[in-house]
Amino acid sequence: KELAAPGELSDNRAQLLGKFPKDKIDDKIKLYVKDFVVCSVCGKPDTKLIEEDGLTKIKCEACGSKRVVKKV
């Protein structure tokens, strides 16, 4: 959706239809990691997504912090 291009996920790989500059793909991956993987408090990637109170949150396994993530 971020690249406005059709694609599919299979076998742990993403395949996008179209040509994209490497920098654009890298920027989207970095944004995803910042929003859905790395803890905003301690900076570690030891997190998991959980459902709590009807919201999707990222919970850090290292420091215990939680924060709401935007809808995907």
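Scroll up to find the structure.
Calculation notes
Residues numbered from 1 in each chain as written. Predicted model: local features only at pLDDT ≥ 70, side-chain atom pairs only at ≥ 80, totals over all residues. Heavy atoms only, no water. 1 Å grid on protein atoms, 1.4 Å probe; cavity = no way out; pocket = protein on both sides within 12 Å on 5 of 7 lines; lining within 4 Å. Points joined across faces, edges and corners; volume = space filled by probe spheres on them. Helix = DSSP H or I, 4+ residues; strand = E, 2+ residues; numbered from the N terminus. Nonpolar A, V, L, I, M, F, W, Y, C, P; charged D, E, K, R; others polar. Salt bridge = Lys/Arg side-chain N within 4 Å of Asp/Glu carboxyl O. Buried < 20%, exposed > 50% of the residue type's maximum accessible area, 1.4 Å probe, protein only. Pairing = 2+ DSSP bridges.

## Here we look at the layout of surface pockets
- Each pocket or cavity is described by its volume, and for the largest pocket that value is around 810 Å³.
- Lining of the largest pocket is provided by 22 residues; of these, K1, E2, L3, K28 and Y32 occupy positions nearest its centre.
- Elements that contribute at least two residues to the lining of the largest pocket include exactly β1 (7-10), β2 (13-16) and α1 (22-36).
- The leading source of residues in the lining of the largest pocket is α1, at eight residues.
- Across the lining of the largest pocket, the residue classes tally to 13 nonpolar, two polar and seven charged.

## Here we look at the pattern of salt bridges
- Tallying each qualifying case throughout the model produces six salt bridges.
- D35 serves as the salt-bridge partner of K70, at 3.4 Å between the closest nitrogen and oxygen. Here K70, found in the segment after β5 (66-68), pairs with D35, found in helix α1; they are 35 residues apart in sequence, far enough to count as distant.
- On the basis of relative accessibility, which here comes to 17%, the residue D35 falls in the buried class.
- Members of the salt-bridge network, linked through shared partners, are E52, K57 and K66.

## Regarding the pairing of strand β3 (residues 47-52)
- Bridge analysis of β3 against strand β4 (residues 55-60) gives six bridges, and the strand direction is antiparallel. Counterpart to K48 in the pairing with β4 is K59.
- Linking β3 back to β4 in an antiparallel pair, the connection comprises two residues, with D53 at a positive phi of about 55 degrees.

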